[in-house]
Amino acid sequence: MEAGQERSNTETLLVQEGDVAGDYLERLLDLLDYDGDIDLDVEAGRAVVSIDGGSDLEKLVGSRGQVLEALQELTRLAVQQNSGVRSRLMLDVSGWRAGRRDELSTLGKDTAKTVLETGEETRLRPMTPFERKIIHDAVASVDGVHSESEGEEPSRKVVVYKSS
């Protein structure tokens, strides 16, 4: 199979994943009587599903995204039940993840610069895998520092160190 055809097949499977997730979330919104538009996309080798629109949607995000994380996991399980394959689908509600990504990227860069100036390691508060990845990427963009995750879920956190 050629690389282009393999990429096309992978994208087709991700689109199908998004369709299953979209149907699942549509039924959920109907049950809750929430308004929302569901958008399906494929980014960086994973299905991305976004729900936008309704005023009730912030309840689907919850405090620090906890409800969103749980809803994403339920949606992944619904896709897995349908396809038999573990899903890496990413769910966003009302652009919360996009805004959080910007916020965390700034936090990671600012923390890295402070560690570079002071030489003192800094431990950030516990974060989800999604949040830690963004912090690690932001820290990696600053020369002279590096980051590692430590601890066990759900208390796993990022520590930023000055490189020697």
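One can find the structure itself at the top, above this paragraph.
Below you will find a few notes about this structure. (Residues numbered from 1 in each chain as written. Predicted model: local features only at pLDDT ≥ 70, side-chain atom pairs only at ≥ 80, totals over all residues. Heavy atoms only, no water.)

Turning our attention to the packing of helix 3 (residues 96-118) against helix 4 (residues 129-140). For any two helices packed against each other, the geometry is given by the interaxial angle and the distance between the axes. Axis separation between helix 3 and helix 4 bottoms out at 8 Å; the angle between their running directions is 45 degrees. Between helix 3 and helix 4, the interaxial angle falls into the category oblique. The interaxial crossing formed by helix 3 with helix 4 has right-handed handedness. Residues R97, R100, R101, L104, S105, L107, G108, K109 and A112 of helix 3 touch helix 4, and the partners they reach there are F130, E131, I134, I135, A138 and V139. Considered class by class, the residues forming the contact of helix 3 with helix 4 number eight nonpolar, two polar and five charged. (Axes fitted to C-alpha atoms, helices over the stretch in contact; angles between N-to-C directions. Helix = DSSP H or I, 4+ residues; strand = E, 2+ residues; numbered from the N terminus. Parallel < 35°, antiparallel > 145°, perpendicular 65-115°, else oblique. Left-handed = near helix turned anticlockwise from the far one by under 90°. Contact = heavy atoms within 4.5 Å. Nonpolar A, V, L, I, M, F, W, Y, C, P; charged D, E, K, R; others polar.)

In this structure, I51, L60, L89, L91 and V93 are the most contacted members of the largest nonpolar core, which totals 16 residues. Listing elements by their share of this core, those giving two or more residues are helix 1 (3-32), strand 2 (46-53), helix 2 (66-83) and strand 3 (90-93). Residue contacts for L60: discarding those within four places in its chain leaves L29, L32, Y34, V67, L68, L71 and V93. In this structure, V115, M127, F130 and I134 belong to the second largest nonpolar core, which totals 15 residues. (Core = buried A, V, L, I, M, F, W, Y, C linked by side-chain atoms within 4.5 Å. Buried < 20%, exposed > 50% of the residue type's maximum accessible area, 1.4 Å probe, protein only.)

Tracing the backbone shows R132 in helix 4. Residue R132 is classed as buried on the basis of its relative accessible area of 7%. Among the polar contacts made by the side chain of R132, one reaches the side chain of E153 at a distance of 2.8 Å. The contact partners of R132, leaving out residues within four places of it in the chain, are M127, S149, E153, R156, K157 and V158. (Polar contact = N/O pair within 3.5 Å; in protein donor to acceptor, adjacent residues only side chain to side chain.)

Two modes of strand pairing occur in sheets, parallel and antiparallel, and in both the strands are linked by backbone hydrogen bonds. The mixed open sheet is built from three strands, whose spatial order is 1-2-3. Two strands close off the open sheet at either side, each with one partner strand: strand 1 (36-43) and strand 3. For this sheet the average axis-to-axis angle between neighbouring strands, irrespective of direction, equals 20 degrees. As judged from the four bridges shared by strand 2 and strand 3, these two strands associate in the parallel manner. Bridge pairing in strand 3 links V49 to L91. (Pairing = 2+ DSSP bridges.)

Pairing analysis gives six bridges linking strand 5 (residues 145-150) to strand 6 (residues 157-162), with the strands arranged antiparallel. Counted as the bridge partner of S147 is V160 from strand 6. With antiparallel pairing between neighbouring strands as the criterion, strand 5 and strand 6 make up a hairpin whose turn holds six residues, including G151 at a positive phi of roughly 95 degrees.

Functional significance is not addressed by these values, which are geometric in nature.
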